[in-house]
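# Fold and geometry: a report
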Amino acid sequence: MAELARETPDQLEELIQKVGTYNPQADVGLIHSAYEFAAGKHAQQKRLSGEPFVSHPLAVATIAAELKLDAASIVTALLHDVVEDTATPLDEVREKFGSEVAELVDGMTKVSKITFQSRAEKQAENFRKMIIAMSHDIRVVLIKLADRLHNMRTLDSLSRERQSEISRETLEIYAPIAHRLGIYWLKSELEDNAFRYLNPPAYSTLKAFVAKTRKEREEYIRDVIAILTRRLEESGVKAEVTGRPKHFYSIHGKMSDLGLSFDQIYDLVAFRIIVATVRECYEALGVVHASWKPVPGRFKDYIALPKANMYQSLHTTVIGPRGQRMEVQIRTAEMHRVAEEGIAAHWSYKGGNAGAKDLRETERFAWLRRLIEWQQNLKDPQEFLSTVKDDLFPEEVFVFTPKGDVLNFPQGASVIDFAYRIHSQVGNHLSGARINGRMVPLRQRLRSGDTIEVLTSERQTPGKDWGNYCVTARAKSRIRQWLRAQEAERSLALGISLIDHELTPLKLNVAQLRSAKRLETVLKDFSQKDVDSLIAAVGYGLVTPGQLLAKLLTADELKVYRDAKLPATTQPALKERGSRKPAGGAVVVSGVGDVLVRFARCCNPLPGEAITGFITRGRGVTIHLAGCPHALNTDPQRRVPVVWKDGDESPRPIRLEVLCVDQPGLLAAMTRTIAAAGVNISTAEVKTRGNDGRALSLFEVSVTSARQLNNLMSSIGAIEGVMRVSRLGYQNGNRFPA
């Protein structure tokens, strides 16, 4: 242990000094003890890079210090892997460092004692555990973000497949969480690192382009800062003006969204004006707009209407010097502190007795409350994770209630979203709405500035198509809950009717079986939690009446039952007595007998991708991608765990969309690349896009695995002139980003 401690004295001292700059009263001795404890527990462990394992928790603690977290958080960062990755019990951590640190460490520790059907299910349950811990103490997610950032900085030692998996998870979950918490520097670094591993050719090309234009860009920044500083002084506004390059992922996103090439991207720099008061923010805005022509539709006032994470600033885009677009952000020093530190700026942990803050202190962060609410209401871990993902990427619109209250919604939200935001019962009985005094259909999209008034009726209930017209996770989950409850009632009644019919020869019925508590004896046989669920499973078609009676009846009752005239459909179940052949094909279906398996055309899952199964009456089990909305909108009671069989390499059709420059020879280059990858092209279609110099190519190809598809998309994306490669499907909207 002493040897390991000697290996990293500089990093430890750097950590101590960093903590001292914002928390001079921090217990330095406790931080030293935590480092020595971690170094001893991890003494025999090394990272895949060959470094001592303790270098990782030390780096995580340093990032936590950059977030200005308290001493307990720094200690937790140093200890966050000792319970998960060594034989150290949590009680030992509690005894040595106290209950506060032990609870934080437990919140950071992944679920390890449960057997999961898939890595996706384990990932979802680990995320759920983190959210539960976060509901008690926000520091858990802040330390987790620090942990993820260091892992992203050190991915080089992992396999290409693991790099892609971790990067995709980072881009889908952790970077958006950092954005929602307002920690923009951390979000940007997470995105850039994920981009680097998910699309190496595009990252390298963009990095080289930015480096090539660095000198010109630095000169441009100096010129603009000089002009702004002089004109602000002339107007009597004292301000600090800075310019910074935009991060790579942001630039790539703009190129993909607008279909632009490198040479067409001008606003690689954002300028920031820091002033003393809110009044000066608007005065500075006037100076900017008087100096350069503003771009219509590109002004946003986040001071009057703050973001959900309390971010405040004025944003405008103008046509600056040399005819180039440039973004300008204007804010006060306090707004800037919140923008830099995010949610951490609102939690001031001072001294060793701060303890965990009550969740009521997070009321200004509505998204955190929704996360906690969802983890309580959505019992399916993968549905919970998908719900969170859906809510992580909104561009906000601001609307008004009839009383003048301002509510924010994701872009594309409808009247239905608004109603469920008011109250679940308002949503469940929504019958109509007025926007700005005019009656509108329920599917009407909200626009910033609208005043919304909803109408309700006790006779109105959610329709099955309502989920197609809303975007918020709250509305979607409430609609699903209502529809499931109605379906469960119908299935329970149908199940009772079917079982009673089968029991007629025995002069028995479900009510008699209930009173004798006979149905409880077979719950485990059919993996059901209670009697109502078992009967509803019969009504759903998950269990046939014959299968149930084959397990439930005594030998004498079975003899009477067999001697009666039975429906032909129940005979096989009685003869087989539950012995069935395993499902054939490329997928193994857990907990279901010999059933037909087919693949959903909406998402065309590939070996290596997370999948889920859905039982359809008379059609067997349909296999969807785990994130496919068609699968997520199905009833969880009809879902079954499924896994790919090892070694399956059957080709499956996938559709690719390629946005590229309209130039001769590019289609030939793409088809050569596809052929060189050993992939067959079923169909190809090319469409030019008017006068913008771009073309859209659609390919249907046959691939054997997700890995082969990812490699193919990377190869196509590396072709000069190709702007974007997308897999057409239903995950993440309508496309799978390259």
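What comes next concerns the included structure. Predicted, not measured: the structure shown is a model, and the values here were computed from it.

Check the secondary structure of the protein and you find 30 helices and 22 strands. A total accessible area of about 35100 Å² is found for the protein, and carbon and sulfur atoms account for 50% of it.

Time to look at the packing of aromatic side chains. This structure, assessed with the given rule, holds nine aromatic pairs. For the pair Phe195 and Tyr203, a centre-to-centre distance of 5.7 Å together with 75° between the ring planes defines the contact as edge-to-face. The exposure class assigned to Phe195 is buried, which follows from its relative accessible area of 3%. Of the residues examined, Tyr203 reaches a relative accessible area of 14% and is grouped as buried. Taking 6.0 Å as the distance between ring centres and 65° as the angle between the ring planes, the aromatic pair formed by Phe195 and Tyr249 counts as edge-to-face. Pair noted here: Phe195 is in helix α12 (residues 184-198) and Tyr249 is in helix α15 (residues 248-258), with a separation of 54 residues, a long-range link. Taken together, the aromatic side chains of Phe195, Tyr203, Phe248 and Tyr249 make up a single cluster linked through ring pairs. A cation sits over an aromatic face here: Lys96 above Phe97, 6.0 Å from the ring centre. Positioned above the aromatic ring of Phe599, the side-chain terminus of Arg652 is 4.3 Å from the ring centre.

The biggest cluster of nonpolar side chains holds 61 residues, and the ones touching the most others in it are Leu15, Leu79, Val93 and Leu190. For this core, the element with the highest residue contribution is helix α10 (residues 139-153), accounting for eight residues. Each residue touching Leu15, except ones within four places of it in the same chain, is listed here: Ile31, Leu58, Ala61, Thr62, Ala65, Ile74 and Leu78. In terms of nonpolar packing, the next biggest core, distinct from the first, is built from 25 residues, Val241, Cys281, Val288 and Val328 among them.

On to the sheet that holds strand β11 (residues 452-456), then. Working definition: the strands of a sheet are paired by backbone hydrogen bonds and lie parallel or antiparallel to each other. Here we have three strands laid out as an open sheet, ordered β10-β9-β11, and antiparallel in their pairing. The sheet terminates laterally at β10 (438-440) and β11, the two strands that pair on one side only. Between one strand axis and the next, the sheet turns through 35° on average, direction left out of account. Where strand β9 (residues 430-435) and β11 come together, five bridges link them in antiparallel fashion. Opposite Ile435, over in β11, you have Ile452 as the bridge partner.

All right, on to the packing of helix α4 (residues 55-66) against helix α5 (residues 71-79) then. Close contact between α4 and α5 brings their axes to 7 Å; oriented N to C, the two are set at 155°. In terms of axis orientation, α4 runs roughly antiparallel to α5. Along this stretch, α4 crosses α5, giving a crossing that reads as right-handed. Contacts from Pro57, Leu58, Val60, Ala61, Ala64 and Ala65 in α4 reach Ile74, Ala77 and Leu78 in α5.

Among the secondary structure elements, Thr612 is positioned in strand β14 (residues 611-616). The exposure class assigned to Thr612 is buried, which follows from its relative accessible area of 13%.

Moving on, we come to the pattern of salt bridges. Inspection of the entire model under this criterion finds 23 salt bridges. Its salt-bridge partner being Asp147, residue Lys144 comes within 3.4 Å of it at the nearest N-O pair. Here the residue Lys144 and the residue Asp147 both occupy positions in helix α10, the gap between them amounting to three residues, near one helical turn. The exposure classification of Lys144 matches that of Asp147, with both residues buried. Linking Arg707 and Glu161 is a salt bridge whose minimum nitrogen-to-oxygen distance equals 2.5 Å. In this pair, Arg707 is assigned in helix α30 (residues 706-717) and Glu161 in helix α11 (residues 160-180), connecting sequence segments 546 residues apart. Overall, Arg707 belongs to the exposed group, its relative accessible area being 52%. The network of salt bridges with common partners includes Glu14, Lys18 and Glu66.

It is worth spelling out the side chain of Ser705 at this point. Among the structural elements, Ser705 can be located in the loop between β20 (694-703) and α30. Within the structure, Ser705 has its side chain in polar contact with the backbone nitrogen of Gln708 (distance 3.2 Å). Ignoring any residue separated from it by four or fewer positions in sequence, one finds Ser705 in contact with Leu606 and Pro607.

This part covers unusual backbone geometry. The residue Lys68 is not glycine, and still its phi comes out positive at about 60°. Along the polypeptide, Lys68 turns up in the loop between α4 and α5. A positive phi is found at Asn604, a non-glycine position, where the angle reads about 45°. Its location among the elements puts Asn604 in the loop between β13 (597-599) and β14.

Turning next to the packing of helix α7 (residues 90-97) against helix α8 (residues 99-108). Orientation of α7 relative to α8, taken along the N-to-C sense of each, is 145°, at an axis distance of 7 Å. When you trace α7 past α8, the crossing you get is right-handed. Counting all contacts with α7, which are made through Leu90, Val93, Arg94 and Phe97, the residues of α8 involved are Ser99, Val101, Ala102, Glu103, Val105 and Asp106. Here the contact of α7 with α8 is built from residues that sort into six nonpolar, one polar and three charged.

Listing the buried residues of helix α29 (residues 666-676) in full gives Leu666, Ala669, Met670 and Ile674. The arc that holds the buried residues of α29, viewed along the axis, is 135°, so those residues lie on one side. Among the exposed residues of α29, those oriented more than 90 degrees off its buried face are Arg672, Ala675 and Ala676. In the segment just after α29, Gly678 is the residue with positive phi, at about 75°.

Another aspect to go through is the pairing of strand β2 (residues 269-275). Judged by how many residues are buried, β2 sits mostly within the fold: seven of seven residues are covered. Where burial is concerned, the two faces of β2 agree: the one with Val269, Phe271, Ile273 and Val275 and the one with Ala270, Arg272 and Ile274 are both buried. In this sheet, β2 lies alongside strand β1 (residues 240-245) in antiparallel orientation, the contact comprising six bridges. In the sheet register, Arg244 faces β2, and the bridge partner there is Ala270. The pairing of β2 with strand β6 (residues 325-332) spans six bridges and is parallel. Opposite Ile273, over in β6, you have Ile330 as the bridge partner.

What counts as what
Residues numbered from 1 in each chain as written. Predicted model: local features only at pLDDT ≥ 70, side-chain atom pairs only at ≥ 80, totals over all residues. Heavy atoms only, no water. Helix = DSSP H or I, 4+ residues; strand = E, 2+ residues; numbered from the N terminus. Areas by Shrake-Rupley, 256 points an atom, 1.4 Å probe, with all protein chains shown as cover. Phe/Tyr/Trp six-rings, centres within 6.5 Å; stacked < 30°, edge-to-face > 60°. Buried < 20%, exposed > 50% of the residue type's maximum accessible area, 1.4 Å probe, protein only. Lys NZ or Arg CZ within 6 Å of the ring centre and 35° of its normal. Core = buried A, V, L, I, M, F, W, Y, C linked by side-chain atoms within 4.5 Å. Contact = heavy atoms within 4.5 Å. Pairing = 2+ DSSP bridges. Axes fitted to C-alpha atoms, helices over the stretch in contact; angles between N-to-C directions. Parallel < 35°, antiparallel > 145°, perpendicular 65-115°, else oblique. Left-handed = near helix turned anticlockwise from the far one by under 90°. Salt bridge = Lys/Arg side-chain N within 4 Å of Asp/Glu carboxyl O. Polar contact = N/O pair within 3.5 Å; in protein donor to acceptor, adjacent residues only side chain to side chain. Nonpolar A, V, L, I, M, F, W, Y, C, P; charged D, E, K, R; others polar. Arc of directions from axis to C-beta.

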